[in-house]
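Single-letter residue listing:
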Amino acid sequence: MIHDNIAGAVGNTPIVRLARLFRDEPFEVLAKLEYLNPLGSMKDRAARHVIESWLADGTVRPGTRLVESSSGNFGIALAALAPLYGLRVTCVLDPNTSATNLAILDSLGADLDMVWERDAGGGYLETRLARVRELVARDPAVVWVNQYANDLCWQAHYEQTAAEILTQVPDGLDVLVAAVSTTATLQGIARRLRGRWPALRVVAVDAFGSVIFGGPSAPRRLPGHGSSRVPELAATLEHDDVVHVRDEEAVAGCHALLRSEGILAGASSGAVVSALRSVAPSLPAGARVLTLFADRGERYMDLVYAGAADARPADLREPVDVR
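Residues numbered from 1 in each chain as written. Predicted model: local features only at pLDDT ≥ 70, side-chain atom pairs only at ≥ 80, totals over all residues. Heavy atoms only, no water.

### Focus on the pairing of strand E10 (residues 288-293)
At step 1: Within E10, six of the six residues are buried, leaving the element largely enclosed by the surrounding structure.
At step 2: Burial along E10 is two-sided: Arg288, Leu290 and Leu292 facing one way and Val289, Thr291 and Phe293 facing the other are all buried.
At step 3: Direction of pairing for strand E2 (residues 28-33) relative to E10: parallel, over a ladder of six bridges. Counted as the bridge partner of Val29 is Val289 from E10.
At step 4: Of the strand pairs in this sheet, strand E7 (residues 175-179) and E10 are connected by three bridges, and their pairing is parallel. The residue bridging Val177 from the neighbouring strand is Thr291, located in E10. (Buried < 20%, exposed > 50% of the residue type's maximum accessible area, 1.4 Å probe, protein only. Helix = DSSP H or I, 4+ residues; strand = E, 2+ residues; numbered from the N terminus. Pairing = 2+ DSSP bridges.)

Have a look at this one:
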């Protein structure tokens with residue numbers, strides 16, 4: 001198939017069996033490779049769905065400026081896709097933005113609005129959100145995407161990602177394990193898959209220091225996984241278990257995945273690998289487990305893969321906190 005532009009190439013990502021990494025387990029683990037979306041992450045789906053839905057209902061029109069507090073995958077997806085529809089993009093960033101993502105966003109032509117003042121919690125999130133609200137209040141033609149509260153984001157995965165999974169794995173799944181940040185991905189997929197398989201066990205993988213599920217806030221150094229605020233979308237998340245993964249466990253998971261399967265994926269994928277080791281004792285023999293690898297590892301070279309040749313990841317069979 002030949003697409004008119006990269007927006008048409010979003011989705012239809014493959015599923016692979018992690019036959020080496022989990023070869024000694026009595027269950028099967030499948031992974032949907034969302035990092036093979038054209039902009040490198042599953043956020044491509046939500047960005048395209050939001051844009052197309054808003055153009056269809058008149059929320060935006062060519063020339064509208066979209067604004068979002070994002071220095072990562074969602075910002076990159078918006079910056080690349082929005083101009084294809086005649087839209088402009090402003091990304092509100094802070095000094096913690098990685099040099100790689102900053103260069104990508106700048107190269108894509110996004111308007112970059114950097115905040116420098118820390119918020120009351122010592123971070124920048126509330127400062128970024130205040131800046132977004134200021135930009136929206138200043139210009140009625142500016143529209144805030146707000147991925148943490150926008151129902152279109154989970155609906156993208158309900159209508160697209162989950163539909164693909166149902167076609168790719170028609171004979172059923174027993175467990176869904178996915179990392180969370182906005183919670184949109186897990187919410188959309190779980191809702192649709194449970195419509196087909198009501199007994200599906202849903203496991204959310206969060207980061208230590210994230211507050212999504214009510215835990216205490218603590219410093220985290222790996223982006224794209226966890227959150228320092230509770231997303232509005234989390235209020236309707238349907239899940240059975242939560243596994244909290246430490247930064248070092250996520251890094252170890254990334255290295256194990258790369259060595260065993262040749263998959264160079266981002267930090268949240270390593271967190272999922274670690275979480276799967278944690279829940280392994282509770283999985284029945286013959287169970288079929290599905291997870292998703294959200295983004296590419298190239299954007300995490302300094303944080304996750306630096307010194308990979310000398311890395312000696314910790315034993316991933318060490319249990320992590322399950323809440």
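### Regarding the packing of aromatic side chains
At step 1: According to the stated counting rule, one finds two aromatic pairs in the structure shown.
At step 2: With 6.5 Å between their ring centres and 45° between their planes, Phe22 and Phe27 make a pair best called tilted.
At step 3: Residue class for Phe22 comes out buried when judged on its relative accessible area of 3%.
At step 4: Phe27 sits in the buried class, given a relative accessible area of 6%.
At step 5: Centroid distance Trp154 to Tyr158: 6.2 Å. Interplanar angle 85°. Geometry classified as edge-to-face. Here Trp154 and its partner Tyr158 are both found in helix H5 (residues 151-168), four residues apart, which amounts to about one turn of the helix.
At step 6: Given the relative accessible area of 33%, Tyr158 is considered partly exposed.
At step 7: One Lys or Arg, Arg246, reaches over the ring of Phe208 and ends 4.1 Å from the middle of that ring. (Phe/Tyr/Trp six-rings, centres within 6.5 Å; stacked < 30°, edge-to-face > 60°. Lys NZ or Arg CZ within 6 Å of the ring centre and 35° of its normal.)

### A word on the environment of Val180
At step 1: Here Val180 shows up in the loop between E7 and helix H6 (184-196).
At step 2: Under the relative-accessibility criterion, Val180 is labelled buried at 2%.
At step 3: Along the chain, Val180 and Gly224 lie 44 residues apart, while their C-alpha atoms are 8.4 Å from each other.
At step 4: Contacts of Val180, omitting those with residues within four sequence positions, involve Leu186, Ala204, Val205, Asp206, Ile212, Phe213, His225 and Gly226. (Contact = heavy atoms within 4.5 Å.)

### Examining the pattern of salt bridges
At step 1: Taken as a whole, this structure holds 15 salt bridges when the rule is applied.
At step 2: Across the pair Glu164 and Arg45 runs a salt bridge, and its minimum N-O distance is 2.9 Å. Taken together, the residues span a long stretch of sequence, with Glu164 in helix H5 and Arg45 in helix H1 (residues 43-57) at a distance of 119 residues. Comparing Glu164 with Arg45 shows no difference in burial state: the two are buried.
At step 3: Among the charged side chains, a salt-bridge network with shared partners connects Arg17, Glu28, Asp171 and Arg288. (Salt bridge = Lys/Arg side-chain N within 4 Å of Asp/Glu carboxyl O.)

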